[in-house]
Amino acid sequence: IDWRSEWHWVALLVLVPTIVGHSLINQAMRELRGQIVSLLIMTQFVFAGTLAWYWLDERPVAEFYPAALLALSGGLIASWPSVRSSLGSSEPRGG
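Now for a quick tour of the structure. On a predicted model such as this, the values are computed, not experimentally measured, just so you know.

## A closer look at the packing of aromatic side chains
As enumerated under the stated definition, the model contains 2 aromatic pairs in all. Relative to Phe64, the ring of Phe45 lies with its centre 5.8 Å away and its plane at 85°, an arrangement referred to as edge-to-face. With a gap of 19 residues between them, Phe45 in helix 3 (residues 44–56) and Phe64 in helix 4 (residues 64–79) connect regions that are remote in the sequence. On the basis of relative accessibility, which here comes to 15%, the residue Phe64 falls in the buried class.

## Looking at the layout of surface pockets
Reported here for the largest pocket is a volume of approximately 560 Å³. In this structure, the largest pocket is lined by 14 residues; those nearest its centre are Pro17, Val20, Gly21, Leu24 and Gln44. Breaking the lining of the largest pocket down by element, the ones donating at least two residues are helix 1 (3–31), helix 2 (34–41) and helix 3. For the lining of the largest pocket, the residue count by class is 12 nonpolar, 2 polar and no charged.

## Quick look at helix 1
In this model helix 1 runs 41 Å from its N-terminal to its C-terminal C-alpha over 29 residues, within 8% of the 42 Å that 1.5 Å per residue would give. At Trp9, helix 1 is bent by approximately 25°, the largest bend along its length.

## Section: helix 4
With 16 residues, helix 4 ought to run about 22 Å at 1.5 Å a step, and its terminal C-alpha atoms sit 22 Å apart, in line with that. Along helix 4, the residues that are buried comprise Phe64, Ala68, Ala71, Gly75 and Ala78. On an axial view of helix 4, the arc spanned by its buried residues comes to 115°, and they lie on one face. Every exposed residue of helix 4 that faces more than 90 degrees away from the buried side is listed here: Leu69, Leu70, Leu76 and Ile77.

Rules used in this analysis
- Residues numbered from 1 in each chain as written.
- Predicted model: local features only at pLDDT ≥ 70, side-chain atom pairs only at ≥ 80, totals over all residues.
- Heavy atoms only, no water.
- Phe/Tyr/Trp six-rings, centres within 6.5 Å; stacked < 30°, edge-to-face > 60°.
- Helix = DSSP H or I, 4+ residues; strand = E, 2+ residues; numbered from the N terminus.
- Buried < 20%, exposed > 50% of the residue type's maximum accessible area, 1.4 Å probe, protein only.
- 1 Å grid on protein atoms, 1.4 Å probe; cavity = no way out; pocket = protein on both sides within 12 Å on 5 of 7 lines; lining within 4 Å.
- Points joined across faces, edges and corners; volume = space filled by probe spheres on them.
- Nonpolar A, V, L, I, M, F, W, Y, C, P; charged D, E, K, R; others polar.
- Expected span 1.5 Å × (residues − 1).
- Bend = angle between axes of the 7 residues up to and from the residue.
- Arc of directions from axis to C-beta.

Read these as spatial facts, not as claims about activity.
Structure, rendered in structure tokens:
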């Protein structure tokens, strides 16, 4: 990498995902319980792997698929309204 000509792309790559990701997590914490947000954060690799497959034509390793299934299932189950109500409150936090 020629850092003198490419530094602005590296800076954008560092700043934009950090700012957007942090803002999305903060918003989610206002709307959902912390336990739900942490479970949903664990699904991040699924979306990253899917985007890498789509944009970069990188095929995930075999372990990706069962791990993705488990992470998405956990996030969906924890986000389900009946599960949220049994955990204490079905209403989002805040407001």
